[in-house]
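Single-letter residue listing:
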Amino acid sequence: MAAPRIVLGIESSCDETGAGLVRDGRLLGHAVASSMDEHARFGGVVPEIAARAHVHALNPVVRGALDRAGLRLGDIGAVAVTTGPGLSGALQVGLAGAKGLAYALDVPLYGVHHLAGHVAADTLEHGPLPDPCVVLIVSGGHTSLLLVRDLARDPITHLGDTLDDAAGECFDKVARVFGLPYPGGPAVDRAARDGSADAVAFPRPLTGPGDDPYAFSFSGLKTAAARWAERHANGDGALPVADGAAALQEAIADVLTRKAVAACAAHGVNTLVVVGGVAANSRVRALAEERCRAAGITLRVPPLGLCTDNGAMIAAVGDLLVRAGAEPAPLDVSIDPSAPLEYAALHPTATVARAA
Ligand code: KG4
Ligand code: ZN
């Protein structure tokens, strides 16, 4: 049998430029550069700034990943790249770089769905995913409960998605109203340490008896938090930010973990995987741990550095595709900024291999 290929993964869908190297399910090295500081004064990601930052960061980040892995360009056996979803200009930069490398090195290219990357991130720490498992994806742009089988071969089943804002979006937008810096999630997490989770009774959207058990909605919670802040501003002054942060974080963690554990129970699945930027939240992690333990469910959460966007997770999907024998993408493969999550590979040729 041929030696397993080393897969280079490239991520550039939002404000992080990431490169990672994976062989046979193992992370060999990765590097991430972020343009977050350049967006902070605008209170959110500015697409043009992100795209330009990727242009500058791509080569150094690939070099950084290779250095950390003790490898050379010539050792790369395949290139995987995020082709969607994400910011169009940002995705274009990563794809152009990946095509250039794949062509120059004469190795196959794979287009990867960003969210499948978040799922695969966990395999780099905890090994192959059990089939089936329930995955809760909570990022800045997406919130979904999924039933995942073989990530490289099978379609991904959506048990529920958010009807409006994503969980990370709710953190980011409320943080802004609370006067906390961008990105809001980590800022709320830090502020919440000094607050009391039951200081404010924020709503738990879509948790009533008649509600869809696996769908999410965070815009009402966002509005409730904004109203609470307004009431304080019109009252006697200082906003108790720590209490607001702790109560908001509790409401989000409560809804997310309650629905995820219910999905496991309803589908007879005993492994829950929580991934994406919001999986870095301390209360989400703690409450998921507590509720999974009580329900006899094994909880898997990637280490903090692999929860937020990175190239290692894209390499992890590429490595799974290579080992599953998926067809590579043609060199004229293009980006899909609003790609729905159906398969881990985003290019149609990989679908042909699946059908075979
Ligand atoms: O997965 P990710 O890095 O990028 C997307 O694909 O969106 O997720 C970014 C999101 C942001 O909304 C950020 O505020 C949130 O993850 N986030 C957190 C924490 N760290 C990152 N939210 C809550 N608590 C955290 N500690
Ligand atoms: Zn992401």
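Basis of the calculations
- Residues numbered from 1 in each chain as written.
- Chains lettered and ligands numbered in written order.
- Predicted model: local features only at pLDDT ≥ 70, side-chain atom pairs only at ≥ 80, totals over all residues.
- Heavy atoms only, no water.
- Helix = DSSP H or I, 4+ residues; strand = E, 2+ residues; numbered from the N terminus.
- Buried < 20%, exposed > 50% of the residue type's maximum accessible area, 1.4 Å probe, protein only.
- Contact = heavy atoms within 4.5 Å.
- Areas by Shrake-Rupley, 256 points an atom, 1.4 Å probe, with all protein chains shown as cover.
- Lys, Arg positive; Asp, Glu negative; His and termini not counted.
- Charge placed at Lys NZ, Arg CZ, Asp CG, Glu CD.
- Pairing = 2+ DSSP bridges.
- Right-handed = clockwise from strand over helix to strand, strands pointing away.
- Arc of directions from axis to C-beta.
- UniProt positions renumbered as here; feature names shortened; annotations may be inferred.
- Polar contact = N/O pair within 3.5 Å; in protein donor to acceptor, adjacent residues only side chain to side chain.
- Axes fitted to C-alpha atoms, helices over the stretch in contact; angles between N-to-C directions.

**Examining the overall build of the chain**
- Check the secondary structure of the chain and you find 13 helices and ten strands.
- The principal-axis extents of the C-alpha atoms in the chain amount to approximately 65 × 45 × 30 Å.
- When the 356 residues of the chain are sorted by exposure, 52% land in the buried category.
- Once local pairs closer than 6 in sequence are excluded, the contacts in the chain between residues at least 24 apart make up 74%.
- When the accessible surface of the chain is split by element, carbon and sulfur atoms take 52% of a total near 14,700 Å².
- Mean positive and mean negative side-chain charge positions of the chain (28 and 38 charges, respectively) differ by 2 Å.

**Quick word on the pairing of strand 5 (residues 109–113)**
- Burial analysis of strand 5 places five of its five residues in the buried class, the great majority of the element.
- On strand 5, burial covers both faces: Leu109, Gly111 and His113 on one face and Tyr110 and Val112 on the other are all buried.
- Bridging between strand 4 (residues 78–84) and strand 5 involves five bridges; their strand directions are parallel. Directly across from Val81, in strand 5, lies its bridge partner Gly111.
- The handedness of the strand 4 to strand 5 crossover, carried by helix 3 (residues 88–105), is right-handed.

**Some words on helix 6 (residues 167–177)**
- Within the sequence span of helix 6, burial applies to Ala167, Gly168, Cys170, Phe171, Val174 and Ala175. The buried residues of helix 6 occupy an angular sector of 160° when projected down its axis, which confines them to one face.
- Close packing links the buried residues of helix 6 with strand 6 (133–138), strand 7 (143–148), helix 7 (184–192), helix 8 (219–234) and helix 9 (241–266).
- Backbone geometry just after helix 6 places Gly179 at a positive phi near 80°.

**Examining the UniProt feature "binding site: substrate" (unreviewed entry) in the chain**
- In the UniProt entry, the feature "binding site: substrate" (unreviewed entry) is given for Ile137, Val138, Ser139, Gly140, Gly141, Asp172, Gly185, Asp189 and Asn281.
- Setting aside its immediate chain neighbours within four residues, Ser139 contacts Leu115, Ala166, Ala167, Gly168, Glu169, Gly277 and Val278.
- Of note is the side chain of Ser139, whose polar atom sits 3.3 Å from the backbone nitrogen of Gly141.
- Take Gly185: it is sitting in helix 7.
- Residue class for Gly185 comes out buried when judged on its relative accessible area of 17%.
- Aside from chain neighbours lying at most four places away, what touches Gly185 is Phe171 and Asp172.

**Re the sheet that holds strand 8 (residues 157–161)**
- Read across the sheet, five strands follow the order 8-7-6-9-10 without closing on themselves; strand pairing throughout is mixed. Looking at strand neighbours, the two that pair on one side only are strand 8 and strand 10 (298–300), the edges of this open sheet. On average, each strand axis in the sheet is tilted by 20° relative to the strand beside it, whichever way the strands run.
- Relative to strand 7, strand 6 is paired through six bridges, and the arrangement is antiparallel. Paired with Cys133 across the bridge in strand 7 is Val148.
- Packed on one face of the sheet, helix 9 meets strand 6, strand 7, strand 8 and strand 9 (271–275) and runs near 160° to strand 6.

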